[in-house]
Amino acid sequence: MNANLKRLVAIGALTSITEIYSSIFFTARMYELARNSIQTISIYYIVEYFCIMLTFLLLGSKIKAYPLKALRIGIMLNLILLCIIMLLDDNVMQYYILFAAVQGIAMGAYYSPFAVLIGIYNDNAIRYCTLSSIFNNIVSIVFPVTIGFYIKTTSFISMTSCIIVVSVIQVVLSMRIENVVMKEAKCDVIHFMKSLKRANSAKKVLNYYKISFFSGIVSSVLDRTVLLLIMIVFGSSVQLGILNTVFAVFTICTTWTIKKYYNGKKSKVIIALSAIMPLIAVSVLFVNTNTNTVIFYKVINSVFICILSMMTNIERYACLGKELNKQFTAEHQIMAEITLGLGRVFGLSVLLIMNTLIGGLYAIMIMLIFISFSIIAYAWLIAKQ
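Quick summary incoming for the structure in this document. (Residues numbered from 1 in each chain as written. Predicted model: local features only at pLDDT ≥ 70, side-chain atom pairs only at ≥ 80, totals over all residues. Heavy atoms only, no water.)

Overview of the environment of Leu 87
Looking at where Leu 87 falls in the secondary structure, it is placed in helix α3 (residues 67-88). A relative accessible area of 71% means that Leu 87 is categorised as exposed. A sequence separation of 217 residues divides Leu 87 from Phe 304, and the C-alpha atoms of the two residues are 41 Å apart. (Helix = DSSP H or I, 4+ residues; strand = E, 2+ residues; numbered from the N terminus. Buried < 20%, exposed > 50% of the residue type's maximum accessible area, 1.4 Å probe, protein only.)

This is the structure we're talking about:
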């Protein structure tokens, strides 16, 4: 592997750490500080996901032409946010909507150029995938429980200062990557959708966008809803860290098993099982909400949602076909991200409405039932693909 790719692998692993901090522990921090926790967290992520979509739409051409500059901007924006979080401490909630907007722009500016740069510098695909997988697995197992214990024994602000150091290392590594400027080409999503009507793969691509929409509900919205459930039932950063480490182990084991035995053919039995098991788990949770049923529900989801997610990821790159792949790869990826984002925003809007009408634990439980039926629709679309 060349030096540029090694630095990108390191940046990716460090991003996994900052994501655990922001998506789990900063969300838990907002839950503790907010007066109406479910409403605040729903609005925060609706704004964030909307800004991610907006960044892809408005800056797609610039990100495509100057991926390294965009990557650095994304990392630096995240670093600035972390510094402000540390300075504001308990007053951070006064600006949470602004934080969400900037975080969305930072994520939109980071992920797309990161994928572009990997494609440019990847001179050893097998070694990259292996190293990236190893680092991500280590991070997902070690860091949730480590961060949880650190916050418990010190403070959230102390942990934030450590994450700032991680982000500074990312900035330094990005500065040592060789700059690349690609030929600037307009990302024309409208032209792509018009061309898609005449393509042989149109049916599969359009069905994939439906899958992507439900993926937004099934993955991101489910994660946020379960996090709120864990905070209601447990309410401890240590337990939050331990549980996320346990769930990560189940997800990693499932991923490894699928990679070893999955032959690329969609088994209708496995898809049906992946659709039904979460509904059974949420029924058990609804009847009796306690520590054991919460863990049971999340473990079931970690296993079966992982199976559906891997099938979705395969279809994302396979559905476009050769005739459109060369000309419209960027446009397809933007549409995939937009439909994913729309699913996230829609799902969180439902959570916001449920909280307004009902509130508390019952709103979370009804939301989990809604997500379970969304999983069935998600699995049906995958089987149809």
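Here we look at the packing of α3 against helix α6 (residues 156-175)
Where α3 contacts α6, the two axes come as close as 9 Å, and the packing angle between them is 160°. The orientation of α3 relative to α6 falls into the category roughly antiparallel. Judged by the sense of rotation from one axis to the other, the crossing of α3 with α6 is left-handed. In contact with Leu 68, Arg 72, Ile 75, Met 76, Asn 78, Leu 79, Leu 82, Cys 83, Ile 85 and Met 86 of α3, α6 contributes Phe 156, Ile 157, Thr 160, Ser 161, Ile 163, Ile 164, Ser 167, Val 168, Gln 170, Val 171, Ser 174 and Met 175. (Axes fitted to C-alpha atoms, helices over the stretch in contact; angles between N-to-C directions. Parallel < 35°, antiparallel > 145°, perpendicular 65-115°, else oblique. Left-handed = near helix turned anticlockwise from the far one by under 90°. Contact = heavy atoms within 4.5 Å.)

A word on α3
Along its 22 residues, α3 runs 32 Å from first to last C-alpha, staying within 8% of the 32 Å computed at 1.5 Å per residue. The set of residues buried in α3 consists of Pro 67, Leu 68, Ala 70, Leu 71, Arg 72, Gly 74, Ile 75, Asn 78, Leu 79, Leu 81, Leu 82 and Ile 85. Of the surrounding elements, those touching the buried residues of α3 are α1 (3-33), α2 (37-65), α4 (96-121) and α6. Just beyond α3, the residue with positive phi is Asp 89, at close to 55°. (Expected span 1.5 Å × (residues − 1).)

Some details on the nonpolar core
Within the largest apolar cluster, 113 residues are counted, with the highest numbers of intra-cluster contacts made by Phe 26 and Leu 368. It is helix α8 (residues 202-233) that provides the largest number of residues to this core, a total of 15 residues. If we skip the residues at most four places from it in the chain, Leu 368 touches Leu 222, Thr 225, Val 226, Leu 229, Val 282, Leu 285 and Tyr 297. (Core = buried A, V, L, I, M, F, W, Y, C linked by side-chain atoms within 4.5 Å.)

Observations regarding the packing of α1 against α2
Axis separation between α1 and α2 bottoms out at 9 Å; the angle between their running directions is 140°. Here α1 is positioned oblique relative to α2, judged by the angle of their axes. Handedness of the crossing formed by α1 with α2: right-handed. Each of Ser 22, Ser 23, Phe 26, Thr 27, Met 30 and Tyr 31 in α1 lies in contact with α2, whose residues at this interface are Ser 37, Ile 41, Tyr 44 and Tyr 45. Considering only residue class, the contact of α1 with α2 consists of 6 nonpolar, 4 polar and no charged. (Nonpolar A, V, L, I, M, F, W, Y, C, P; charged D, E, K, R; others polar.)

Observations regarding the packing of aromatic side chains
Scanning the entire structure with this criterion turns up 11 aromatic pairs. Aromatic pair Phe 213 and Phe 346: ring centres 5.8 Å apart, planes at 40°, arrangement tilted. Note that Phe 213 is positioned in helix α8 and Phe 346 in helix α12 (residues 322-357), a separation of 133 residues in sequence. By way of ring pairs, the aromatic residues Tyr 21, Phe 26, Tyr 44, Tyr 45, Tyr 49 and Phe 156 are connected into one cluster. The positively charged end of Lys 69 is found above the aromatic ring belonging to Tyr 66, 5.3 Å away from the centroid. The cationic tip of Arg 224 hangs over the ring face of Tyr 45; the distance from NZ or CZ to the ring centre is 4.2 Å. (Phe/Tyr/Trp six-rings, centres within 6.5 Å; stacked < 30°, edge-to-face > 60°. Lys NZ or Arg CZ within 6 Å of the ring centre and 35° of its normal.)

Concerning the pattern of salt bridges
Tallied over the full model, the rule gives 3 salt bridges. Linking Asp 89 and Arg 29 is a salt bridge whose minimum nitrogen-to-oxygen distance equals 3.0 Å. With Asp 89 in the loop between α3 and α4 and Arg 29 in helix α1, this residue pair connects regions lying 60 residues apart in the sequence. Accessibility expressed as a relative area gives 31% for Asp 89, which makes it partly exposed. Residue Lys 298 pairs with Asp 223 through a salt bridge whose shortest N-O separation is 3.6 Å. (Salt bridge = Lys/Arg side-chain N within 4 Å of Asp/Glu carboxyl O.)

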